[in-house]
Amino acid sequence: MPKRMTTHKTKTRSSRTPRQAAEQSTTTESTVSVVPVADLDSAPMNGNGARQTRDSIQDIWGPRAPHYGMWSERIDELTVQAPDRWVRSACVLCSNGCALDIGVKDGKIVGVRGRGMDRVNRGRLGPKGLHGWQANHSPDRLKQPLIRRNGGLQEASWSEAMDLIVEKTRELSEKHTAHTIGFYNSGQLFLEEYYTLAIMGDAGISTPHMDGNTRLCTATAANALIESFGTDGDPGSYTDFDVTDAIFMIGHNMSNTQTVLWSRVLDRRRGPNPPKLIVVDPRRTMTAREADIHLAPRIGTNVPLLNGLLNLMIRNGHVAKAWMDEHTVGFDELERTSQKWSPERVQAVTGVPANDLRAAAEILGTTRSLVSTVLQGVYQSFQATAAAVQVNNIHLVRGLLGKPGSAVFQMNGQPTAQNTRECGADGELIAFMNYQNEAHIQKIAKHWNVARDKFPMKDTPPTHALQIFRYAEEGSIRMLWIIGTNPAVSLPELARIRRILQKEDLFVIVQDAFLTETGALADVVLPAALWGEKTGTFTNADRTVHISHKAIEPPGQARSDFDIFLDFCARMDFRDRDDLPLIKWTDPEGAFDHFKELTRGRPCDYSGLTYAKLSEGSGIQWPCNEQYPNGKERLYENGVFNTSADYCETFGHDLITGAAITPEKYRAQDPKGKAFIKAADYVPPTEMPDDAYPMLLTTGRLVYHFHTRTKTGRVPALDAAAPEVFVQISENDAAQHNLADGEMVRVETRRGAVDAPARIGDIEAGHLFIPFHYGYWDNGNDHHRAANELTLTEYDPVSKQPHFKYAAAKVTKL
Amino acid sequence: MHISTYLGRLKSAETQLAEAFTVVATRHMNESEIRERCKMFAEWSSRHVKELEPFINRYGDEPTRVGEALRGILFSGTRSGGLGKLYDLQDLGTMTNAVRTHYTILAEGAAAARDAELKELCERLGQETNRQTDWLCTQIKTAAGQALVVEADKAS
C-alpha cells in the first residue's frame, strides 16, 4: 500500500531549482501551494542532468494546488539523463491521456515531462506516466517474429511469418468462409491503427468477428451513453470538475485509476467553494476516505441503490419537470420503478443505512451543478448497463447536463479505448453510425469504395469478445489474431481460456511487444512497436484528442501495428470495387485524414483536426469542425440529444434481457432528439454466496500497474511499489479464520484457486478483493496468482462486458 | 364461459415453456448468455403460473395437455453445434408465441367478462412474454449467420 500522503498546512520552501520557483510564481493567481517537505526532491539524480521533480511512487497525487475555476500548471518530470530533444506525445496508461513530451537522447527514451498548456493535465503526470516509458527499453522486448515448430516457438523472418498468416487466412476463407477468422484487439492502439484494422476486417477479410479488450473495460460506458442519449460520446469536459458544486462517483476508485484527475478533484476539495463528494464503493478506498458521504453497498446491488436515490429525489420534488417534458421521454416508468425502493428497502437489500441514502439524495437533489463519474464498479458488475443508465437518469431528471459544472462521465480504462469505439474496431460502427441504418452503411461503403455486399450484410453488431472465444471453443472460429492484449490473464475463467488457446484446430497469432502468457501459447508471434515508437492519435474520456509522435525506433525487427496491418493488406491484395488497393493510405496521417471524412457531421466530428493543428497546440476536443474550430467543450448544451431515428447509433435494448428494440418499434415512437429516461428494476446476481462458497469476491486495479503488468511489471519503481498479489479481507473475517496480516490464504471459486497473502482491513465483511494484474510470466508459470482464475464467464445482457466484480468464493488459511 | 378453458391452456403452456427454457439452458451450458437468460425466463414463466392461480381458483381450469403436445412436436432430432442452438432458440420462439396468443385471447375474454383484474394480468404477463420473444429474436439474428455458413467440428 502506498504511504499515505501527508499534507502540511504551512507553505514551505525546500531546495527548488530556479525553474521550479519560476513555475511556482506564475501560478499565484489561483492558489496557495502546499508542498510536503520530505517529498520534493529536485536535486539531480546524477551528473547527467537527470531530473525528478517529484517522487510519484511515495506521493501519488503530488502537492496540493487548491483551486476554483482555472487549474494551475505544475510540470512533472522524470528523466534519467538530459534529453537532446523533446517529442510531443501523451500518456496511454489511463483514460486521462495526460499530455507529455518524451525526452530522447542517442536514440533512447530518457524520460518524460508533462505539458503545462494542456487542458487535461496542465503538466502533471502520475506514477505510471512518469515511469511507464522505461518498459520500452526492457531487454524482454520481442525483436523478431516467432513461429511454433516442433512444439516450441522459434525465430523466423517477417516474410515467413506473414506468408504463413496469409496462407492460413486464404485457406480458411476459401474452405470455410471468413467467418472462421476472428480478431481480438486492444485498447492500446492508436486511432489510425484501429481504422486500418476496421477496414481490413470489414471490407478486406469481411468477417463479423472483431472486438477488443475494450469489451472488458469500456463497453458498458459506450452502451449506457447510447441507451440514454442516442449515440456514444461523453457529454462533459474535465473543466467541469473545476467549477462543480458536487461530485458523485460510483464504482470508480479514481485515486487509483486516474491519479491526475484525482489530483484535480483534491485541489478543488482544498480550495474555496469545494464540491461535496459522494462515493459509492464496497471498499473503503483512498477515494472513499475523501468523501463527505461514503455509501458501501453489498456487491451486486448498484441498481437498488440508484433506484433508492432517484426515488428520494422524485419524492422530495427535486426534479426538473418542465425541462424533462421538453427534453426527455420515459419519466413515468422511472417513477413507477424507483417508487418500489424506499430507503428502508434499500437498506435491507444493499446494507446502506437509510439515513446515509437520504443525505446523499439531498445533495444530489439540491446541488446547483453535478459531475458524476462511473467506472468498473458498475461496468464489471451485475446489471452493468442498467445501473450506468440510472446514473444518466440522475442528471436527466434534474436537467444537469450541457452546462459548466454539470456532466456525467461514463469513464474508460484506457485513453485509446475511445478510439476503438469511434473507428469500429469493437462492437460499434464507425463514427457512431448505426448497423441498422442503410444510409449509414451506404455512406461507409461509398467512402471505402466497396460493394455494399462486401460489407457485413447483416444488421447486427460484430461478435463480442466472449462470443469470439466461445466460437473458438466450439470450433467454428479457427484463426484468432490477438493484438496488444493478454487474454490468458485478463479474460474471466482462465483455465478455460488456456484450454481454448491451446486447441489443435485454432491458429493463434499474437502481435505484441513482449512475450506474454498469451504469446507463449501462440502459433505465430509478431513483434510490435510500443507507444513512443510510432506516430498516431488517440482520444481521452472528455473527447480530447492528442497526437503522439514517434520518438525512437522500435527495437530489432519490431514494427508498428499500423505497418503490420498494411503489410497484411498488401500481401492479401485487398481491392476495392474498382480493383484498386483497398487501403488508400500509406502512413498514419493518411489514415487519419481518411477517417476524419467519415466523421463529418457525426457526433465525433474530427473534420477540423489535422496533424499540424494537433502538433502545434496540445489536446483539442471533438467535435472540431468549421463551427467549432478549436473543439467543443460540451455536448447537448441545447438539450437536444442524438436520438432521432436517422441519426442515432442503435435503437436501444431491453436493459434486463438485452433484446434489441426493432427499427420499426423505434421509428413508431421516434423521440426526435429527446433523451431516454430508461428504468430498470433489481435482478439479484446469479452466483450468490452459499454454504460451499460463502463470501463474495471482487477484483480491481492497483494504482501502480496497468492491465497484466506486461509493461509496468518491467518498470523497477512500479514493480517495487506493488510486487505481489494479495487478498484484501475484513477484520471480522480475518478474525474468524484466525488470520494475521500477511499470512497466506487460498481463495477458491467454482473455477479455480489463488494463493496469496492476506491484507486486512478497509473492506466490508463477507467480501474479498484481489487485484487482477498478476499473471504468471514472472513467477515460473504458477497459475495460482491471477485473479481471473476465479472469475466467471458471464456478462451483461446489453454491453456484453464480463462480470469481473463478483463471484462466490471461500477462503482457507494455508 | 370458456375462461377456464384458456386458463387451463395457459397453465399448461407456461409450465411447459418454463421446463423448455430450463432444458435449453442446461443443453447450452457453455453459451453463457443462453444459459443465464433461459434460466431467468424459466423463472418468469413459473412465476406466471403462480400469478394465474388466483384466477384458476376463481374460474376453475380445464386441465389440458396442449403445452406438452406442442413441446413434444418441437425439440426433436439431434441438436448439436450452431444449428442445434438455432433449432432450440427457434422452437422456444414457437412456444413463446403460442403463450402470447393465449394471453391475447384471454385478455379479450376477460374484457368481455368485465374482469378488469384478469385483463390487466393478461396484458402484463403478455408483455413479459413479448420480452422473452424479443430476446429470442435477437439471439437468433446474432447466431444464425455463423451457424449457417460454418460447420463446427463438434458440439462442445
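Higher on the page you've got the structure.
Below is a short write-up of the structure. Model, not experiment: these values are computed from the prediction. (Residues numbered from 1 in each chain as written. Chains lettered and ligands numbered in written order. Predicted model: local features only at pLDDT ≥ 70, side-chain atom pairs only at ≥ 80, totals over all residues. Heavy atoms only, no water.)

Concerning the overall build of chain A
Along the backbone of chain A there are 26 helices and 28 strands. Here the C-alpha radius of gyration of chain A, 25 Å, is about what a compact globule of 814 residues would show, namely 28 Å. Dimensions of chain A along its principal axes, counting C-alpha atoms only, are 75 × 65 × 60 Å. Counting every position in chain A, which comprises 814 residues, the buried fraction comes to 68%. Considering only residue pairs separated by 6 or more positions, chain A has 75% of its internal contacts joining residues 24 or more positions apart. Carbon and sulfur atoms make up 50% of the accessible area of chain A, which amounts to about 25800 Å² in all. Counting 91 positive and 99 negative side-chain charges, chain A places the averaged centre of each group 3 Å from the other. (Helix = DSSP H or I, 4+ residues; strand = E, 2+ residues; numbered from the N terminus. Rg over C-alpha atoms; globule rule 2.2 N^0.38 Å. Buried < 20%, exposed > 50% of the residue type's maximum accessible area, 1.4 Å probe, protein only. Contact = heavy atoms within 4.5 Å. Areas by Shrake-Rupley, 256 points an atom, 1.4 Å probe, with all protein chains shown as cover. Lys, Arg positive; Asp, Glu negative; His and termini not counted. Charge placed at Lys NZ, Arg CZ, Asp CG, Glu CD.)

What to know about the interface of chain B and chain A
Across the contact, 28 residues belong to chain B and 34 residues belong to chain A. Both sides together, the interface formed by chain B and chain A hides about 2400 Å², and carbon and sulfur atoms give 43% of it. In this structure, the connection of chain B to chain A is made through three salt bridges. Measuring nitrogen to oxygen at the nearest pair gives 2.6 Å for the salt bridge that ties Asp654(A) to Arg131(B). Here chain B is connected to chain A by 11 residue pairs in polar contact (both at pLDDT 80 or more). Contributing elements (two or more residues each) for the side of chain B that touches chain A: helix 2 (32-59), helix 4 (81-112) and helix 5 (116-149) of chain B. (Buried area = accessible area lost by both parts, 1.4 Å probe. Salt bridge = Lys/Arg side-chain N within 4 Å of Asp/Glu carboxyl O. Polar contact = N/O pair within 3.5 Å; in protein donor to acceptor, adjacent residues only side chain to side chain.)

Things to note about the packing of helix 4 (residues 191-205) of chain A against helix 21 (residues 561-572) of chain A
All names here are of chain A. At a closest axis distance of 9 Å, the pairing of helix 4 and helix 21 adopts a crossing angle of 20°. As judged from the angle between their axes, helix 4 and helix 21 are roughly parallel. In this structure, helix 4 crosses over helix 21, and the sense of that crossing is left-handed. Contacts from Glu-192, Glu-193, Thr-196, Leu-197, Met-200 and Ile-205 of helix 4 reach helix 21 at Asp-561, Phe-562, Phe-565, Leu-566, Phe-568 and Cys-569. Its residues assigned to classes, the contact of helix 4 with helix 21 shows eight nonpolar, one polar and three charged. (Axes fitted to C-alpha atoms, helices over the stretch in contact; angles between N-to-C directions. Parallel < 35°, antiparallel > 145°, perpendicular 65-115°, else oblique. Left-handed = near helix turned anticlockwise from the far one by under 90°. Nonpolar A, V, L, I, M, F, W, Y, C, P; charged D, E, K, R; others polar.)

Some points on the sheet that holds strand 8 (residues 181-185) of chain A
Residue and element names in this part refer to chain A. On the basis of which strands lie adjacent, the open sheet formed by seven strands has the order 7-6-18-17-16-8-9 and mixed pairing. Strand pairing shows two members of the sheet lacking a second neighbour, strand 7 (152-155) and strand 9 (210-212), which therefore form its edges. Between one strand axis and the next, the sheet turns by 20° as a mean value, whatever way the strands run. Both strand 6 (residues 146-149) and strand 18 (residues 524-527) contribute to a ladder of two bridges, which runs antiparallel. In the strand pairing of strand 18, Ile-147 is matched with Val-524. (Pairing = 2+ DSSP bridges.)

A closer look at the environment of Asn738(A)
Residues and elements named next belong to chain A. Take Asn-738: it is sitting in the loop between helix 26 (731-736) and strand 25 (744-748). Overall, Asn-738 belongs to the exposed group, its relative accessible area being 59%. C-alpha of Asn-738 to C-alpha of Thr-812: the two residues are 74 residues apart in sequence and 10.0 Å apart in space. Look past the residues within four positions of Asn-738 in its chain and what remains in contact with it is Glu-743 and Lys-813.

Some thoughts on the packing of aromatic side chains
Per the stated rule, a full pass over the model turns up 27 aromatic pairs over all chains. With 5.6 Å between their ring centres and 90° between their planes, Tyr184(A) and Phe469(A) make a pair best called edge-to-face. Remark: Phe469(A) occurs in helix 18 (residues 465-474) and Tyr184(A) occurs in strand 8; sequence separation between them is 285 residues. Given the relative accessible area of 0%, Tyr184(A) is considered buried. For Phe469(A), a relative accessible area of 0% translates into the label buried. With a centroid separation of 4.7 Å and 40° between ring planes, the pair formed by Tyr636(A) and Phe641(A) is classed as tilted. Each residue in the set Tyr195(A), Trp448(A), Trp585(A), Phe592(A), Phe595(A), Tyr606(A) and Tyr611(A) is aromatic and connected to the rest through ring pairs, giving one cluster. The ring centre of Tyr6(B) lies 5.3 Å from the NZ or CZ of Arg9(B), which sits over that ring. (Phe/Tyr/Trp six-rings, centres within 6.5 Å; stacked < 30°, edge-to-face > 60°. Lys NZ or Arg CZ within 6 Å of the ring centre and 35° of its normal.)

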